[in-house]
Structures are given as structure tokens and as C-alpha cells.
Amino acid sequence: MDRQLVQDYLDEHKFVLEEPMQALGRERLFYVPVHLGYVRLCTFELLAEEIRKNNIAGAVAELGVYRGDFARYINEAFPEKKLYLFDTFNGFSKKDVLVEQAHDYSPGSQDFSDTSVELVLGKMSKPGNCIIKKGYFPDSLEGLEDTFAFVSLDADLYQPIFEGLKYFYPRLSKGGFIFIHDYNNDEYKGVKKAVTDYCKDQGVPFVPICDPWGTAVIAK
Ligand SMILES: C[S@@+](CC[C@H](N)C(=O)[O-])C[C@H]1O[C@@H](n2cnc3c(N)ncnc32)[C@H](O)[C@@H]1O
């Protein structure tokens, strides 16, 4: 869309952005990278504001960090909180891909190996808050006991998403949120299956939101 047209529309209709969106800055209306999704990012900003306002205790985390593009917003939104970053930093594991192929969830062929811990930490406004959990999830949880105020699950595949819900939901503080990206992505059908399997079994409600590829939001 033509940038000037959007600006004229906002000015003409005296479009007032909610306070947390003002914090985002109008520029992001134009510059949110497609893979992050404007709806997901703005929903995240609003929920982060709820977490801060209500003083929800616990750390924050992302499973499936890749090059840190969403993680850097989590780091920025919670400058007082520890941020756990879980990834192989080497792409999908063969074990998980075999599950995908056996159930026809996805080919699991996307390559996410062009990243590194240094590249991710270099994008963070508060790198000192980051605790890197490099390796296969859930093995990388070994010995970790913490509670969480916000978690992003963005690992694309059935097995890590299901294991992520099993670990994080019971440790999510009341008033906290979990995002599960790709809930409506037909190219990664295992994500929806993992969310529905876990949530049905545990009686956990969730809300799908309409960012590109879809995100399911769990509130506790
Ligand atoms: C779509 S990418 C994440 C995108 C990222 N959230 C962003 O903001 O761009 C998926 C990531 O999940 C990671 N991943 C998938 N299964 C995993 C597992 N079992 N253990 C650790 N990391 C895993 C992959 O290595 C990959 O980096």
C-alpha cells in the first residue's frame, strides 16, 4: 500500500493509537517484517503491557529463536526479566522431522542453520538478561526450574511444540500468556495438532489470532 495514502487516512480520520501502540511508534505500521506479523507484534505489545501493569512474576522465554527477530522484542518489552532462549541454533532435529513425515504434518525440510548465539545476542537491547539454552528441546531443559510470565513457542514442528506446552503451561504464572506461532499454517500442520492435543487433554482454552500463518494465544 502507498505509504502517503495510509498516512493521509490516519491524519484525516484523526486515528488515535492506543498507548501501547504509540510506544511501538507509528513507523512500525509500515515497517513490521512480514514474517513477524503486525497483528502478532501489536498483540504482543498489548499483552506485555498487561503483564507489566499487573506485576506478573516469572521469567520470559522463546523456544525456536532462529536469528532472534521476535526474541529481541521480548527482550525489549521486559528489561527487568530473565529471557531464556531455546534453540539448537542448528535447525530442526532429525528425530522431530521423522515424526513430521510419519504423520504428514510437514516435510521438515526448511533450513534454519544459518544463525549463531553471537548473532542473536548482538540484536538484543539487554543481552545480559539472556540465558542461552542451546541444544535439543526438551533435553536442554535439564535441571531448569523457573516460572514464566510470557513464552513464545515458535519451533514449527509437532514434537517440540507439544513438549513446550507440557513444560511451560504448568509453570506459567496466573496472568501470563503463551504464544504458539504457525497455529494456522498449512505447511506446518503439526503445530495445530500439538496445540489441540495438549489443550483438549488439559482443558486449556486458547484464542487464534490472524497474523500471517496464525498464532494461538493461551492466557492463564
Ligand atoms: C521458525 S524458526 C523460529 C523463528 C524465530 N522465532 C524468529 O523470530 O524469526 C524455528 C526454530 O525452531 C528451532 N527448533 C525446532 N525444533 C527444535 C527443537 N526440538 N529443539 C530446539 N530448537 C528447535 C529451529 O532450530 C529453528 O531455529
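The structure under discussion appears in the preceding block.
It should be emphasised that the depicted structure is a prediction, and the values quoted were computed from it without experimental measurement.

A. Examining the site of the ligand more closely. Lining the immediate environment of the ligand, one finds 20 residues, of which Gly 64, Asp 87, Asp 96, Phe 137 and Asp 154 sit closest. Between a nitrogen atom of the ligand and a side-chain N or O atom of Glu 62, the distance comes to 3.4 Å. In the environment of the ligand, a nitrogen atom lies 2.9 Å from a nitrogen or oxygen atom belonging to the side chain of Asp 96. Summarising the interface, the protein chains cover 96% of the accessible area of the ligand, which totals 600 Å² for the free molecule. The residue inventory of the shell around the ligand, partitioned by class, reads nine nonpolar, five polar and six charged.

B. Representation of the packing of aromatic side chains in the model. This structure, assessed with the given rule, holds 22 aromatic pairs. Relative to Phe 206, the ring of Tyr 183 lies with its centre 5.3 Å away and its plane at 65 degrees, an arrangement referred to as edge-to-face. Of this pair, Tyr 183 sits in the loop between strand S5 (172-181) and helix H9 (189-202) while Phe 206 is found in the loop between H9 and strand S6 (207-209), placing the two residues 23 residues apart along the sequence. You can call Tyr 183 buried: its relative accessible area is 9%.

C. Structural context of helix H4 (residues 38-53). If you check H4, its first and last C-alpha atoms are 22 Å apart, about what 16 residues at 1.5 Å a residue would give, namely 22 Å. Those residues of H4 not exposed but buried are Arg 40, Leu 41, Cys 42, Thr 43, Phe 44, Glu 45, Leu 47, Ala 48 and Ile 51. Following H4 by one or two positions, Asn 55 has its phi on the positive side, about 50 degrees.

D. Examining the side chain of Ser 173 more closely. By the element assignment, Ser 173 lies in strand S5. With relative accessibility at 14%, the residue Ser 173 sits in the buried group. Within polar-contact distance, the side chain of Ser 173 engages the backbone oxygen of Ala 57 at 2.7 Å. Beyond its immediate sequence surroundings of up to four residues, Ser 173 is in contact with Ile 56, Ala 57, Gly 58, Thr 147, Phe 148 and Lys 220.

E. Quick look at the nonpolar core. In terms of nonpolar packing, the biggest core is built from 36 residues, with Phe 86, Phe 148, Leu 153, Ile 161, Phe 168, Ile 178 and Ile 180 touching the most fellow members. If one sorts the elements of this core by residue count, helix H8 (residues 158-171) sits on top with seven residues. Beyond its immediate stretch of four places on either side in the chain, Phe 168 contacts Ala 61, Phe 86, Phe 137, Phe 148, Val 151, Leu 153 and Ile 178. Within the second largest apolar cluster, 28 residues are counted, among which are Leu 41, Leu 85, Val 120 and Cys 130.

F. Summary view of the pattern of salt bridges. Within this structure, the stated rule accounts for nine salt bridges. Residues Asp 146 and Lys 82 are paired through a salt bridge, measuring 2.9 Å at the closest nitrogen-oxygen approach. Pair noted here: Asp 146 is in the loop between strand S3 (130-134) and strand S4 (148-153) and Lys 82 is in the loop between helix H5 (71-77) and strand S2 (83-87), with a separation of 64 residues, a long-range link. The class of Lys 82 is partly exposed, set by a relative accessible area of 41%.

G. Layout of unusual backbone geometry. With an omega of 20 degrees, the peptide bond running from Phe 137 to Pro 138 counts as cis. Structurally, Pro 138 can be placed in the loop between S3 and S4. Its identity is not glycine, yet Phe 89 carries a phi of approximately 55 degrees, on the positive side. Mapped onto the fold, Phe 89 is located in the loop between S2 and helix H6 (94-103). Of note in this structure, Asp 156 is not a glycine but carries a positive phi near 70 degrees. Checked against the element boundaries, Asp 156 lands in the loop between S4 and H8.

Calculation rules
Residues numbered from 1 in each chain as written. Predicted model: local features only at pLDDT ≥ 70, side-chain atom pairs only at ≥ 80, totals over all residues. Heavy atoms only, no water. Near = heavy atom within 4 Å. Polar contact = N/O pair within 3.5 Å; in protein donor to acceptor, adjacent residues only side chain to side chain. Areas by Shrake-Rupley, 256 points an atom, 1.4 Å probe, with all protein chains shown as cover. Nonpolar A, V, L, I, M, F, W, Y, C, P; charged D, E, K, R; others polar. Phe/Tyr/Trp six-rings, centres within 6.5 Å; stacked < 30°, edge-to-face > 60°. Helix = DSSP H or I, 4+ residues; strand = E, 2+ residues; numbered from the N terminus. Buried < 20%, exposed > 50% of the residue type's maximum accessible area, 1.4 Å probe, protein only. Expected span 1.5 Å × (residues − 1). Contact = heavy atoms within 4.5 Å. Core = buried A, V, L, I, M, F, W, Y, C linked by side-chain atoms within 4.5 Å. Salt bridge = Lys/Arg side-chain N within 4 Å of Asp/Glu carboxyl O.

All we've got here are geometric facts, nothing functional implied.
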